[in-house]
Amino acid sequence: MSVLEIKDLHVSVETDQGTKQILRGVDLTINEGEIHAIMGPNGSGKSTLAYTIAGHPKYHVDSGSILLDGAEVLTMTVDERARAGLFLAMQYPVEIPGVTVTNFLRTAKTAIDGEAPAIRTWIKDVRESMAKLRMDKSFAERNVNEGFSGGEKKRNEILQLELLKPRFAVLDETDSGLDVDALKIVSEGVNRAKENTGLGLLLITHYTRILRYIKPDFVHVFVDGRIAEQGGPELADRLEDEGYDRFLAETPVG
Amino acid sequence: MSAASTSTAPTSSPTSSEALPTAEQHGIKEHSDGRFGFVPVQTRSARFKSFDVADFPAVTGREAVWKLSPVAKFTDLTGGVLDGSAYDIDATPHADVDVSWVDRTDARIGTAGAPEERAAANAWSSFETALAITVGGEEAKEITLTRANLGSAPRAAHTIIEARPFSQAVVILQNTGDARLSENIEIIVGESANLTVVTVQEWNADAVQLANHFATIGRDARLKHVVVSLGGGIVRVNPSVHLAGQGSDTELFGLYFADAGQHLEQQVYVNHDAPNSRSRVTYKGALQGAGARTVWIGDVLIGRSAPGTDSYEQNRNLVLTEGTRADSIPNLEIETGDILGAGHASATGRFDDEQLFYLQSRGIGEIEARRLVVRGFLSEIVQHIGSKPLEERLQGAIEDELRGTEGN
C-alpha cells in the first residue's frame, strides 16, 4: 500500500520584504485510499503546502521531508514527482496558448506511463471522462484553459486527474468559484477517480461546502503554517458552525 | 525626413513643433529605441513617397526606415543596378485565378501605394514586367505561387494581387532558394472581396529579401495578410495596408523564427482612412542563437476620415537563448476621438515559468515542455492561416527550427 509522509516541513518564500517563513513544521501522513481535508483561513499556508508537494520553484524547503513510499520527493524535479504518482489540481490553472487539450492530454499521459497510450482506448477514455464531467466535445480542440471559465478550468483539472491516474492527488481549492451544479459535477469526478484507482486525496479548502460531496476520513485545521487541530469529519461540521475565529484568536498577529 | 517612432500619445494636428505639449505637461516619455526625447511632428501618412529611385538620397542607415537594418549588407539593392526581368514561377492553376506577366503600363500599377524608401523605389524603377494574379469567382479557393530560382544576382520584382469585387481566395506566396531581391507587391482588394495573402520565406541561409507590400481595401472587403519568415539571411517584409473603403477590415499576422546571425524584420503600417474600419495586427517571433535579430515596428494611423475605427496591434517575442536582440516598437496615432477602440501591446520575454510548471506537473519533461510552449506560442499564428495543408507543413517547419534549440 502506498503512503505519502510529510515530516516536519518548513518552507519559506522570497518576497520584496525579504524571506518569509510560511510553513512551520507540518507533519501529515496520507495512506492510499484515504481522504484528508485541510481547512484553514486565508494566508495560513494551505496552498504553499500544495505547491511545495508539487515542487514549484518559488517555494524553498528549509527543512523536513516528503516521502512517497519511502522515496524522498523533495529531490525530484517537478515532472519526476508527477511520474512518481503525484498530482496537483491547481486553484488557478494557467493557459497554454496554442496547445490543444487533446495534444496536452496525450503528451502528459505518454510522459506519465512512459509509452504512448493505445489510440483507440485512449480516445474512448477521454471522450467518456469528458462526457461525465459535462464537458462539450469541442473542448478537446481548444487550447488548454484558454478562454475557459473558472468552472471549465476546474473540470479540466479533474479530467486530468481521472485520465492520468495518480496515486496521490492534492486538490487546491478546487471548490472555489464553482456554483453548486459545477461543484457536484467536479465532486462526482473526484469520487469516481477514487473509486477507480483507490488514490489518496489531500483536499485543500477554505469552506466546508465541498465536504458535503466528498467525504473526508480526516480533517486537519491549518493555522499559521502548521496543523493546529485534527479529527474526523465531525471537525468540519464544527468549523461550519464556529468558523476559524477560535483558532485565529490564539494566533499572534504578524 | 523624420518619422513617427516614439509616442503613443495622439498627435493633435501640430502645425509646428511649438504646438506640442512639453514632456512635463503630458508626461511623454521616449521609448527605448534611441530617439532621446524626440517627439514626432510628422503624421505617418505624410512620409515622402516616390516611384523614382533618383528622388531618394543615398541610404546612410540613419533614416527611420533603415536605422534598425544592416544596410551595409545590401547596398546593391538600395543603390545598384537590379535585374528587372521575368523569372520562373510555379503556380497551381485555377479557372478563376489568372496568373500572367503584364507591362509597366498596366492600369493597376501604382494604385495601392508608393515606395517610401530607396530599395523599394529602386525595385519600382527597375522592373520590366509585373506578375499579375487576378482573382475572380465567389467560391473559396486556394492557389500557391512558388519562387525557387531567383538566383543570387541582385534583382527587382513587382507583383499585383487583385481580388475582384465579391471574390474570395487564399493566395500563398512560397519563397525558397537563393535571392538578392528588392520587390514591391500591390494588393488590391475590391468591394466585398475576401482575400488572404500568405507569404512564406524559407530562403537559403544567405538570401537577402527586401519586400514592401502595399494593400488597398475596398468597401466591406477583407484582407488577411500573413508573413511567415523562417529562412534567409536578411528578410525584411513591410506590409502597409490602406483601409480605404467604409467597413473595410484587415487582419495582419506575422510569425518569425530567427536563428543565429539571422535578421528578420517587419514594419507594419495600417492606415485607417474610412468609417467603421477594423484592424488587428498580431506578430509573434522566437529568437535563438548568437546574433539572432528581429525587428517589429507597428504603425497604426487612425485618420479624421475614420470614425468608428476598431484597432488593436500586438507584438510578442520569445527569447530562447542569450545573445539575441528583439526590437519592438508600436506606434499609435489617433486623429479622431470618435472610435470604438484602439490599443497596442508589446512584450518580449523568456519562457513563462508558470506554463512550464503546469506542464511539468503533468509529468512532461522540461525540454518537451519548453518545446510545447514555443510551439504553442507560434501556433497561435499558424492556426489563423486558413490553409490546412500549409498549417501542417509550417508546424513541421517550426519543429525543425526547435530541434536546433536543444543542446543550448
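Residues numbered from 1 in each chain as written. Chains lettered and ligands numbered in written order. Predicted model: local features only at pLDDT ≥ 70, side-chain atom pairs only at ≥ 80, totals over all residues. Heavy atoms only, no water.

The name given to chain B in an unreviewed UniProt entry is Fe-S cluster assembly protein SufD, and the organism recorded there is Cryobacterium adonitolivorans. Here is the UniProt Sequence similarities (unreviewed entry) comment for chain B, exactly as written: "Belongs to the iron-sulfur cluster assembly SufBD family." (UniProt positions renumbered as here; feature names shortened; annotations may be inferred.)

An unreviewed UniProt entry lists chain A under the name Fe-S cluster assembly ATPase SufC, from Cryobacterium adonitolivorans.

On to the UniProt feature "domain: SUF system FeS cluster assembly SufBD core" (unreviewed entry) in chain B, then. Here the UniProt-annotated "domain: SUF system FeS cluster assembly SufBD core" (unreviewed entry) positions come out as residues 155–377 of chain B. From the first C-alpha to the last, residues 155–377 of chain B spans 35 Å; its make-up is 9% helix and 62% strand. (Helix = DSSP H or I, 4+ residues; strand = E, 2+ residues; numbered from the N terminus.)

Right, let's get into the domain arrangement of chain B. Residues and elements named next belong to chain B. Each domain of chain B was delimited in the assignment, giving domain 1 (17–350) and domain 2 (352–408). Just the C-alpha atoms count here: the centres of domain 1 and domain 2 sit 26 Å apart. Contact residues are listed per partner, giving 29 residues for domain 1 and 21 residues for domain 2. Taking both partners together, domain 1 and domain 2 bury about 2000 Å²; carbon and sulfur atoms supply 70% of that area. A per-residue breakdown of the area domain 1 buries against domain 2 is headed by L255, F257 and K284, which together make up 27% of the total. Here domain 1 and domain 2 share two salt bridges between them. Across the pair K284 and E380 runs a salt bridge whose closest N-O atoms are separated by 2.1 Å. At the boundary of domain 1 with domain 2, the tally comes to seven residue pairs in polar contact (both at pLDDT 80 or more). Looking at the side of domain 1 that touches domain 2, the elements that each hand over two or more residues are β6 (168–177), β8 (194–203), β10 (222–231), β12 (249–258), β14 (278–287) and β16 (310–319). Among the elements that make up the side of domain 1 that touches domain 2, the one with the highest residue count is β12 (five residues). Here the residues of the side of domain 1 that touches domain 2 are counted per class, giving 14 nonpolar, eight polar and seven charged. (Domains from an automatic or database assignment. Contact = heavy atoms within 4.5 Å. Buried area = accessible area lost by both parts, 1.4 Å probe. Salt bridge = Lys/Arg side-chain N within 4 Å of Asp/Glu carboxyl O. Polar contact = N/O pair within 3.5 Å; in protein donor to acceptor, adjacent residues only side chain to side chain. Nonpolar A, V, L, I, M, F, W, Y, C, P; charged D, E, K, R; others polar.)

Take the environment of L394 of chain B next. The residue L394 of chain B is located in helix α6 (residues 388–403) in this model. Separated by twelve residues in the primary sequence, L394 of chain B and V382 of chain B have C-alpha atoms spaced 7.3 Å apart.

Residue and element names in this part refer to chain B. Summarising the element assignment, K284 is placed in strand β14. Within the local environment of K284, its side chain forms a polar contact with the backbone oxygen of F377, the two atoms lying 3.1 Å apart. When sequence neighbours within four positions are dropped, the list of residues in contact with K284 reads G254, L255, Y256, N315, R316, F377, L378, E380 and I381.

All right, on to the interface of chain B and chain A then. Each partner contributes to the interface: chain B provides 20 residues, whereas chain A provides 34 residues. At the boundary of chain B with chain A, total buried surface from both sides reaches about 2000 Å², with 65% on carbon and sulfur atoms. Remark: the boundary between chain B and chain A carries one salt bridge. In this structure, the salt-bridge partner of R362 of chain B is E157 of chain A, at a minimum N-O distance of 2.6 Å.

Generally speaking, a soluble globular protein has its nonpolar side chains buried in company with each other. Formed by 116 residues in total, the largest nonpolar core has its most connected members in L49, L161 and L171 of chain A. Ranked by residues supplied to this core, first place goes to helix α5 (residues 366–382) of chain B with eight residues. Mapped onto the domain boundaries, this core takes at least three residues apiece from domain 1 (17–350) and domain 2 (352–408) of chain B. Filtering out sequence-adjacent residues up to four positions away, L161 of chain A remains in contact with F87, P166, A169, L171, V190, A193 and L199 of chain A. If you look at the next biggest cluster of nonpolar residues, it comprises 51 residues, including V171, V241, L264 and V268 of chain B. (Core = buried A, V, L, I, M, F, W, Y, C linked by side-chain atoms within 4.5 Å. Buried < 20%, exposed > 50% of the residue type's maximum accessible area, 1.4 Å probe, protein only.)

Residues and elements named next belong to chain A. Residues E234, D237, E240 and D241 make up a contiguous surface patch of negative charge. Take E234: it is sitting in helix α7 (residues 233–242). Residue class for E234 comes out exposed when judged on its relative accessible area of 52%. (Patch = residues over 30% accessible without salt bridge, like charges linked within 9 Å, V, L, I, M, F, W, Y side chains within 5 Å. Areas by Shrake-Rupley, 256 points an atom, 1.4 Å probe, with all protein chains shown as cover. Lys, Arg positive; Asp, Glu negative; His and termini not counted. Charge placed at Lys NZ, Arg CZ, Asp CG, Glu CD.)

We now examine the sheet that holds strand β9 (residues 168–172) of chain A. Residues and elements named next belong to chain A. Strand order in the open sheet formed by six strands is β6-β9-β10-β3-β11-β12, and the pairing between neighbours is mixed. The sheet is open, and its two borders are formed by β6 (86–89) and β12 (226–231), each paired with just one other strand. Each adjacent strand pair in this sheet contributes to an overall mean axis angle of 20°, direction not counted. Inspection of the sheet shows β9 paired to strand β10 (residues 200–205) by five bridges, in the parallel sense. Pairing of F168 across the sheet is with G200, part of β10. (Pairing = 2+ DSSP bridges. Axes fitted to C-alpha atoms, helices over the stretch in contact; angles between N-to-C directions.)

Take the side chain of H36 of chain A next. Residue and element names in this part refer to chain A. Take H36: it is sitting in strand β3 (residues 35–39). A polar atom in the side chain of H36 sits 2.7 Å from the side chain of E34. Polar side-chain contacts of H36 include one of 2.9 Å to the side chain of H220. With sequence-adjacent residues up to four places away left out, H36 is seen in contact with L28, T29, I30, N31, L201, L202, L203, F218 and H220.

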